[in-house]
Amino acid sequence: MKATGIVRRIDDLGRIVIPKEIRRTLRIRESDPLEIFTDREGEIILKKYSPIGEMTTFAKQYAESLAQVSGHAALIADRDQFIAVSGGYKHFLGKSVSKQLEEKANARETVMAIKGDKNFIPITEDSNDEYQQEALTPIICEGDVIGMVVLLENDTKAKMGEVEHKLIMSAAGFLGRQMEQ
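Residues numbered from 1 in each chain as written. Predicted model: local features only at pLDDT ≥ 70, side-chain atom pairs only at ≥ 80, totals over all residues. Heavy atoms only, no water.

### Things to note about the sheet that holds strand β3 (residues 73–78)
And then number 1: In space, the 5 strands of this open sheet follow the order β4-β3-β7-β6-β5, with antiparallel pairing throughout. Strands at the two margins of the open sheet, each flanked by one partner only, are β4 (82–86) and β5 (111–114). Averaged over neighbouring strand pairs, the angle between their axes works out to 15° when direction is ignored.
And then number 2: Contacts from helix α4 (residues 162–180) reach β3, β5, β6 (133–141) and β7 (144–153) within the one sheet, and its direction differs from that of β6 by about 25°. (Pairing = 2+ DSSP bridges. Helix = DSSP H or I, 4+ residues; strand = E, 2+ residues; numbered from the N terminus. Axes fitted to C-alpha atoms, helices over the stretch in contact; angles between N-to-C directions. Contact = heavy atoms within 4.5 Å.)

If you want it as structure tokens, here you go:
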């Protein structure tokens, strides 16, 4: 564990404030769920809870199926990082989503774009736009955005269109409903 040098007291209701600098660094937002763990030494560990992260194995299988059916790279992200990647771009696995992707998810926008379009966004902070086309849509569960489904293509000739739009919408709808159960 890394010491921060920050000390906080518990108030009379048992609450403790997580400093703004730590929340910003770890991308913890107001109303984000946190899991609480304890260890044998009496330490309390807080971890960001990712509901879709519980479905990592299922998400990997779904990404593989989506990549196979679409012929494009398929990626599934929770609110913070990519948890499943298939069909290429394996180096995105575990990478944080970009601010732009996070904003599109929060705005509940579906994006179908080719590199150079005004709607084209990087999906990670360091992706260097190594792909030429993207299709992305948010995963919504019980009214909350819990992640994103993304298709990427490097070949400009294999144009993404209505089929890819329907595939990502179907994938996002299915994953969102799975989380509701």
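### Digging into the packing of aromatic side chains
And then number 1: If you walk through the whole model with that rule in mind, you get 8 aromatic pairs.
And then number 2: Aromatic pair F58 and Y62: ring centres 6.4 Å apart, planes at 45°, arrangement tilted. With F58 and Y62 both in helix α2 (residues 56–70), this residue pair falls 4 residues apart, about one helical turn.
And then number 3: When its relative accessible area of 29% is taken as the criterion, F58 is described as partly exposed.
And then number 4: With a centroid separation of 5.9 Å and an interplanar angle of 35°, the aromatic rings of F58 and F174 are classed as tilted. Here F174 lies in helix α4 and F58 lies in helix α2, a separation of 116 residues in the sequence.
And then number 5: F174 gets classed as partly exposed once you look at its relative accessible area, which sits at 31%.
And then number 6: Put simply, the rings of F82, Y89, F92, F120 and Y131 touch in pairs and so form one group of aromatic residues. (Phe/Tyr/Trp six-rings, centres within 6.5 Å; stacked < 30°, edge-to-face > 60°. Buried < 20%, exposed > 50% of the residue type's maximum accessible area, 1.4 Å probe, protein only.)

### Section: a nonpolar patch on the surface
And then number 1: Judged by side-chain polarity, I36, I44 and L46 come together as a nonpolar surface patch covering roughly 330 Å² of accessible area.
And then number 2: Structurally, the position occupied by I44 is in strand β2 (residues 44–48).
And then number 3: Its relative accessible area of 61% is what places I44 among the exposed residues. (Patch = residues over 30% accessible without salt bridge, like charges linked within 9 Å, V, L, I, M, F, W, Y side chains within 5 Å. Areas by Shrake-Rupley, 256 points an atom, 1.4 Å probe, with all protein chains shown as cover. Salt bridge = Lys/Arg side-chain N within 4 Å of Asp/Glu carboxyl O.)

### Observations regarding unusual backbone geometry
And then number 1: Phi is positive for R108, close to 60°, though the residue is something other than glycine.
And then number 2: Structurally, R108 can be placed in the loop between α3 (99–106) and β5.
And then number 3: When its relative accessible area of 42% is taken as the criterion, R108 is described as partly exposed.
And then number 4: One non-glycine residue with positive phi stands out, namely E142, at about 50°.
And then number 5: Topologically, E142 is positioned in the loop between β6 and β7.

By themselves, these observations are geometric and do not establish any function.
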